[in-house]
Amino acid sequence: MPEAPKESHKSAEYSVAENNRRKLEFIEDVTKNADEVQKRVLAEILSRNADVEYLKRHGLNGHTDRETFKKIMPVITYEDILPDINRIANGDKSPILCSEPISEFLTSSGTSAGERKVMPTIEEELERRSLLYSLLMPVMSQFVPGLDQGKAMYFLFIKCETKTPEQGSPPGRGGFRLGLFRAIRFLEKHWTLLCHDIRTGTINSLITDPSVREAVMRILKPDPKLADFIESECSKESWQGIITKLWPNTKYIDVIVTGTMSQYIPTLDYYSDGLPLVCTMYASSECYFGVNLNPLCKPSEVSYTLIPTMCYYEFLPVHRNNGLTNSISMPKSLNEKEQQELVDLVDVKLGQEYELVVTTYAGLYRYRVGDVLRVAGFKNNAPQFNFVCRKNVVLSIDTDKTDEVELQNAVRNAVSHLMPFGARLTEYTSYADTTTIPGHYVLYWELSQMGSTPIPPSVFEDCCLTIEESLDNVYRQNRVFEAIGPLEIKIVETGTFDKLMDYAISLGASINQYKTPRCVKFAPIVELLNSRVVSKYFSPKCPKWTTPGLKQWSNIN
């Protein structure tokens, strides 16, 4: 969230209240007139960029109306414009995608295949993103009174900046804040050093950056009482509720827990003692999109209202495969008929799932973002969406296709076997191992065990089988007919997924945007994971398989 105003005078309080009122009125206005705003946004984008190379290449010829735009311009993916992006990054100053100069490149966290996407943006886009941020405080203030009187703590992780060959600007900060877990783990390892520094009013020599030392020393004074308090809490065997113990006035945690990020909810609940988990906004490297107008809702009920002024939205209907599987089917390229299926913001249907397609002020035209959204409701005439998943994050050996939602649900079912042993799953990823015959699914699990009772191998075998039983009929049919081998769980050392994050960052990913890939393919990542395996287990038998009208199949052994 944006920083709260520092003034505490009545005039300042009035200005905060007035600002909140105006921002909420803005949301009302643009959602009531969503279609008119969208027409204006598209016309603005196309008129400003009428002379750019990309639009000329496709023969738009200065048209700014919605009908001509949809008829002429193709729906594209990142790979379609990668040559143009590379030209810009290599110093081509001509208006290729956008008439405005490219001010910086923003990076996505596309680490499942070991690569990241680089998105060009313009100076004006910063103002537009700031606008979306400015809506968060007024919305939150409706649910948490007195926010402008309090404080917020941010964990901002930075890395060495990189530049394009022509000294282009480095990647900017993104909207994910999953560094929280790393911060807590860091505190678990180093709280004694923190206590020493607070108690003595000094800074540990491990902190070498002069500007950081200078900034901290300006406010750091010896405080033995505070150090004793921190020591008394952090030295306890259990860290349950540590956030509320160290910061007892905390009102909520601002963190992403939608989609497969929901796996972090139990861990967050453990450390925060059940504080509200607030998902405030929906954003990506391509564009910022919307806000959560009911921020204190349950994580499973989070929906985002897309703000019509941010970009021009279109939606590609997503179809679940019929028959024996419920996996998402989304072709990489669209034929003419499929391109005609795209609908506008105000024309989406309640309960339908769509892939998000955007046209932005920074030069993306009918670009497939890769997010699958489900229409949960409406704010006036603007739809509200649940985030479902990212597309194309799948495991596949044969005819099976397991998307990340199916995998997440299967893992959730399996980890219940660990609860009697005081263990919980802290991180996981997966890999389709085709080096064996037949190929099989591999899951890498990192555990945190609070109890002292060892977990028997049979429990992990039960976890393997539970995952297989939770997957769709196509997967289970392939298992029964030996087209897929037994699922394997590999337990990795504590800290393995920190190493994975470090590796992704070394490739240029932003820690503020980093998300653990739920499926890995890049050979160095697989090698890293395999190098830290401490034990491995296989499903002991085939899962049950049924098909309509036929008998149930199960393993005879």
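Analysis parameters
- Residues numbered from 1 in each chain as written.
- Predicted model: local features only at pLDDT ≥ 70, side-chain atom pairs only at ≥ 80, totals over all residues.
- Heavy atoms only, no water.
- UniProt positions renumbered as here; feature names shortened; annotations may be inferred.
- Helix = DSSP H or I, 4+ residues; strand = E, 2+ residues; numbered from the N terminus.
- Buried < 20%, exposed > 50% of the residue type's maximum accessible area, 1.4 Å probe, protein only.
- Contact = heavy atoms within 4.5 Å.
- Areas by Shrake-Rupley, 256 points an atom, 1.4 Å probe, with all protein chains shown as cover.
- Pairing = 2+ DSSP bridges.
- Axes fitted to C-alpha atoms, helices over the stretch in contact; angles between N-to-C directions.
- Salt bridge = Lys/Arg side-chain N within 4 Å of Asp/Glu carboxyl O.
- Phe/Tyr/Trp six-rings, centres within 6.5 Å; stacked < 30°, edge-to-face > 60°.
- Lys NZ or Arg CZ within 6 Å of the ring centre and 35° of its normal.
- Arc of directions from axis to C-beta.
- Polar contact = N/O pair within 3.5 Å; in protein donor to acceptor, adjacent residues only side chain to side chain.

- As named in an unreviewed UniProt entry, the protein is Indole-3-acetic acid-amido synthetase GH3.6, taken from Sesamum calycinum.
- Recorded under Sequence similarities (unreviewed entry), the UniProt text for the protein is reproduced unchanged: "Belongs to the IAA-amido conjugating enzyme family."

### Some words on the overall build of the protein
Next, step 1: Across its full length, the protein holds 17 helices and 20 strands.
Next, step 2: Counting over 557 residues, the protein shows a buried share of 51%.
Next, step 3: Residue pairs at least 24 apart in sequence account for 69% of intrachain contacts in the protein once pairs closer than 6 positions are excluded.
Next, step 4: Total accessible area on the protein stands at roughly 26,500 Å², and carbon and sulfur atoms take up 53% of it.

### Focus on the sheet that holds strand S19 (residues 488-492)
Next, step 1: Spatially, four strands are ordered S17-S18-S19-S20 in an open sheet, and the strand pairing comes out mixed. The sheet is open, and its two borders are formed by strand S17 (423-433) and strand S20 (533-538), each paired with just one other strand. In this sheet, adjacent strand axes meet at a mean angle of 25° when their direction is disregarded.
Next, step 2: Across five bridges, S19 lies against S20 in antiparallel orientation. Looking at the pairing, glutamate 488 lines up with phenylalanine 538 of S20.

### Overview of the pattern of salt bridges
Next, step 1: Tallied over the entire structure, the rule returns 28 salt bridges.
Next, step 2: The residue glutamate 25 makes a salt bridge to arginine 21 at a minimum N-O spacing of 2.4 Å. Separated by four residues within a single helix, glutamate 25 and arginine 21 lie in helix H1 (residues 10-32), roughly one turn from each other.
Next, step 3: Take glutamate 25: its relative accessible area is 43%, and that puts it in the partly exposed class.
Next, step 4: For glutamate 427, the salt bridge goes to arginine 518, with nearest N and O atoms at 3.4 Å. Residue glutamate 427 is found in strand S17, and its partner arginine 518 is found in the loop between helix H16 (496-506) and helix H17 (523-530); the two are separated by 91 residues along the sequence. The burial state of glutamate 427 is the same as that of arginine 518; both residues are buried.
Next, step 5: Look at the salt bridges and you will find they share partners, linking Asp35, Arg66, Lys70, Glu314, Asp344 and Arg366 into a network.

### Focus: the environment of lysine 401
Next, step 1: Within the secondary structure, lysine 401 is located in the loop between strand S15 (394-395) and strand S16 (402-403).
Next, step 2: With relative accessibility at 45%, the residue lysine 401 sits in the partly exposed group.
Next, step 3: With 74 residues separating them in the primary sequence, lysine 401 and tyrosine 475 have C-alpha atoms 7.7 Å apart.

### Considerations on unusual backbone geometry
Next, step 1: Cis geometry marks the peptide bond from isoleucine 437 to proline 438, where omega comes out at -5°.
Next, step 2: Inspection of the secondary structure puts proline 438 in the loop between S17 and strand S18 (440-449).
Next, step 3: Of note in the backbone geometry, glutamate 482 takes a positive phi value of approximately 60° without being a glycine.
Next, step 4: Summarising the element assignment, glutamate 482 is placed in the loop between helix H15 (473-480) and S19.
Next, step 5: Glutamate 482 sits in the exposed class, given a relative accessible area of 63%.

### Considerations on the packing of aromatic side chains
Next, step 1: What the rule picks out here adds up to 14 aromatic pairs.
Next, step 2: Ring pairs connect the aromatic residues Tyr282, Phe289, Tyr304, Tyr313, Phe315, Tyr354, Phe385 and Phe387, which therefore count as one cluster.
Next, step 3: The positively charged end of arginine 128 is found above the aromatic ring belonging to tyrosine 361, 3.6 Å away from the centroid.
Next, step 4: Seen from the ring of tyrosine 270, arginine 424 lies directly overhead, with NZ or CZ sitting 4.5 Å from the centre.

### What to know about the side chain of glutamate 125
Next, step 1: You can see glutamate 125 is positioned in helix H6 (residues 123-141).
Next, step 2: For glutamate 125, a relative accessible area of 1% puts it in the buried group.
Next, step 3: In this structure, glutamate 125 is in contact with Cys287, Tyr361 and Ala362, ignoring residues within four places of it in sequence.

### A short note on helix H5 (residues 78-89)
Working note: α-helix, 3.6 residues per turn, so residues spaced by three or four point in the same direction.
Next, step 1: Regarding H5, the residues found buried are Tyr78, Ile81, Asp84, Ile85, Ile88 and Ala89. Across the axial projection of H5, the buried residues extend over an arc of 140°, all falling on one side.
Next, step 2: Glycine 91 sits one or two positions beyond H5 and adopts a positive phi of about 110°.

### What to know about H15
Next, step 1: Extensive coverage of H15 is indicated by the burial of seven of its eight residues.
Next, step 2: Along H15, the positions that sit buried rather than exposed are Asn473, Val474, Tyr475, Arg476, Asn478, Arg479 and Val480.
Next, step 3: Each element contacted by the buried residues of H15 is listed here: S18 and helix H14 (457-470).
Next, step 4: Where H15 begins, one side-chain oxygen reaches toward the backbone nitrogen of valine 474, 3.1 Å away; that side chain belongs to aspartate 472.
Next, step 5: Taken from the residues just after H15, glutamate 482 is the one with a positive phi, measuring 60°.

### Quick word on the environment of cysteine 463
Next, step 1: Its place among the elements puts cysteine 463 in helix H14.
Next, step 2: Spatially, the C-alpha atoms of cysteine 463 and phenylalanine 538 are 9.2 Å apart, while their sequence positions differ by 75 residues.
Next, step 3: Beyond its immediate sequence surroundings of up to four residues, cysteine 463 is in contact with Ala414, His417, Leu418, Trp445 and Ile489.

### As for the environment of alanine 432
Next, step 1: Along the chain, alanine 432 falls in strand S17.
Next, step 2: As a C-alpha pair, alanine 432 and cysteine 519 span 87 residues in sequence and 8.1 Å in three-dimensional space.
Next, step 3: Each residue touching alanine 432, except ones within four places of it in the same chain, is listed here: Leu395, Ser396, Ile397 and His440.

### Overview of the side chain of aspartate 403
Next, step 1: For aspartate 403, the location among the structural elements is in strand S16.
Next, step 2: At 3.0 Å, the side chain of aspartate 403 and the backbone nitrogen of valine 405 are in polar contact.

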